[in-house]
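# Fold and geometry: a report
Letter by letter, the chains look like this.
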Amino acid sequence: MTLLRWVSTIVFVGAIAGGVYYATHQPVSESANANRRGAGMGGGPVAVIAKNAETADVPVYLEGVGSVKALNTATVRAQVDGRLLSVNFKEGQDVKKGDVLAKIDPVTYQAQLDQAIAKKALDEALLANTKKDLERYQKVGTLAISQQQIDTQVALVAQQTAQIKADAAAIENATAILGYTTIVSPFDGRTGIRLVDEGNLVHSGDAGGIVVITQVQPISVLFTLPQQQLPTLTKSIAESALVASALTTDSQTELDTGTLKVIDNQVDQLTGTIRLKADFPNDKRQLWPGQFVNVRLLVDTLKGVIVAPPEAVQRGPDGTYVYVVGANNTAEMRQVKISRQTEKYAVIADGLTAGEKVVTSGFGRLKDGAIVSVSDGNAPQPSPPALSKKSADGKDGKKAASAGDASTASVQAAQAMAPAAAPDAALVTGSTNEGGKTSGKHHHSHRDNGASP
């Protein structure tokens, strides 16, 4: 009797489990298969962003790293010894050529000049007297004096004349030395930090000087490029002046625009680079001596070439390719040749024409021949209605609800009647086998597909 009861219980539980499996898993599997067929057989288009290939003029740049150098730099030093009477500039001041920067005590050098002037006056008086004696000797002739005395007087006149020339030179020298006591700016520039204070003794041999003046308008930039670019440089600079742009070290901000002035006459054999120098007006004073900058040199411009966004170019085993959106929004994989690629453009040498639409984003599920839903990336695409709405409002929803209620009631009955089967029955809200797990995954995939048009 007990055996018969256990057999009846097992049969009853098996019947309930079979009914639950049929009621819950069969509709889900059909829905999952439908979703799988829709996604795998082109039922839903692939959402992509696409842009048109265009015709444009593409500049060709060479980029190098360099440092800013003042066009002229001078360390202003004293040329004579003396006490510094005054400093006539402010630190960081803009000065013009000839502006007074400092003054040294001129008393000693003024006295030397006065002595030279007096010496010349004395020699001029002596020369005047000697010339008169010569004139008297020449009038008398050899009747009163000898020819030797006349010749001696002529030589004395020449000697004193030369002495006066030496005196004139001494005056010029004393005047120049006296002028050195007033220190002036050698060119237009900007003063740096003062190196000597007023009242100090300065000497002509001082290494530090008084101040350093740098010319920052205009200003130069020294930079290097690989020696492989030398043929391009020489060809381009022979045709016209090359435009150079000074950029910040991250190449995000343009500081100034100038002109390439010179290419060095030799290649550095240690680094394999060539040095170049460009001049910049530096009107806004964005460039400062010693500053590190990136230099972008315009060497050529490609006229009327086909360009595409660089993110549209993909690379595979057979080379570079793009996805072209053709008729009926069908994606076509097309091999292309890239002649040059920058951060903004990919220059297409072959394989693409202007006006064709290329995919720039959404390559995850994209393949050749796929149907796509194209967006320009600016406006968000409308989301389709959730697939679960039909389940909630339609007949399928009612069936799912009935199946769910039936499965819940069956499970509860099975748990009550067969305690040994309770652990397995608790997993059956979705499924107790691999088939149920697969159905759950299909539902998840179905929701994901519904979220993306």
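Residues numbered from 1 in each chain as written. Predicted model: local features only at pLDDT ≥ 70, side-chain atom pairs only at ≥ 80, totals over all residues. Heavy atoms only, no water.

Another point: the packing of helix α2 (residues 107–140) against helix α3 (residues 147–179). Running from N to C, α2 and α3 cross one another at 165°; their axes reach a closest spacing of 8 Å. Taken together, the axis directions place α2 and α3 in an arrangement best described as roughly antiparallel. You can see that α2 and α3 cross each other, and the crossing is left-handed. In terms of residue class, the contact of α2 with α3 is built from 19 nonpolar, 10 polar and 7 charged. (Axes fitted to C-alpha atoms, helices over the stretch in contact; angles between N-to-C directions. Helix = DSSP H or I, 4+ residues; strand = E, 2+ residues; numbered from the N terminus. Parallel < 35°, antiparallel > 145°, perpendicular 65-115°, else oblique. Left-handed = near helix turned anticlockwise from the far one by under 90°. Nonpolar A, V, L, I, M, F, W, Y, C, P; charged D, E, K, R; others polar.)

Note on helix geometry: an α-helix contains 3.6 residues per turn, so any two residues three or four positions apart are oriented the same way. Between its first and last C-alpha atoms α2 spans 51 Å; for 34 residues at 1.5 Å apiece the expected length is 50 Å, and the two agree. Within α2 the residues assigned to the buried category are Tyr109, Leu113, Ala116, Asp123, Leu127, Thr130, Asp133 and Leu134. Positioned one or two residues after α2, Gly141 has a phi angle of 75°, which is positive. (Expected span 1.5 Å × (residues − 1). Buried < 20%, exposed > 50% of the residue type's maximum accessible area, 1.4 Å probe, protein only.)

As for its position among the elements, Thr214 is in strand β9 (residues 211–226). Ignoring sequence-local partners within four residues, the contact set of Thr214 consists of Ala70, Asn72, Thr73, Phe187, Gly189 and Arg190. (Contact = heavy atoms within 4.5 Å.)

On inspection of all chains with the given rule, the structure shows 2 aromatic pairs. Between the aromatic rings of Tyr321 and Tyr323, the centroid separation amounts to 5.8 Å while the plane-to-plane angle is 85°, which identifies the pairing as edge-to-face. Seen in terms of ring centroids, Tyr323 and Phe363 are 6.1 Å apart; in terms of plane orientation they differ by 40°. Their pairing is tilted. You can see Tyr323 sitting in strand β15 (residues 319–325) and its partner Phe363 sitting in the loop between β19 (357–361) and β20 (372–375), a full 40 residues away along the chain. Overall, the relative accessible area of 6% leaves Tyr323 in the buried class. Given a relative accessible area of 23%, Phe363 falls into the partly exposed group. (Phe/Tyr/Trp six-rings, centres within 6.5 Å; stacked < 30°, edge-to-face > 60°.)

Right, let's get into the pairing of strand β1 (residues 46–52). Pairing of β1 with β20, which is carried by 4 bridges, proceeds in the parallel orientation. Looking at the pairing, Val48 lines up with Val374 of β20. Judged from the 4 bridges that link them, β1 and β19 form a sheet pairing that is antiparallel. For Lys51, the partnering residue across the bridge sits in β19 and is Val358. (Pairing = 2+ DSSP bridges.)

Quick look at the pairing of strand β11 (residues 254–268) now. Sheet analysis places strand β10 (residues 243–247) next to β11, joined by 5 bridges and oriented antiparallel. Bridge pairing in β11 links Ala244 to Gly258. Turn length for the β10-β11 hairpin, with the two strands adjacent in sequence and antiparallel, is 6 residues, and the turn residue Ser251 shows positive phi of about 60°. Sheet topology note: the β11/strand β12 (residues 273–280) ladder contains 6 bridges and is antiparallel. Bridge pairing in β12 places Thr259 opposite Asp279. Following β11, the chain reverses through 4 residues before pairing antiparallel with β12; Gly272 in that reversal takes a positive phi of roughly 70°.

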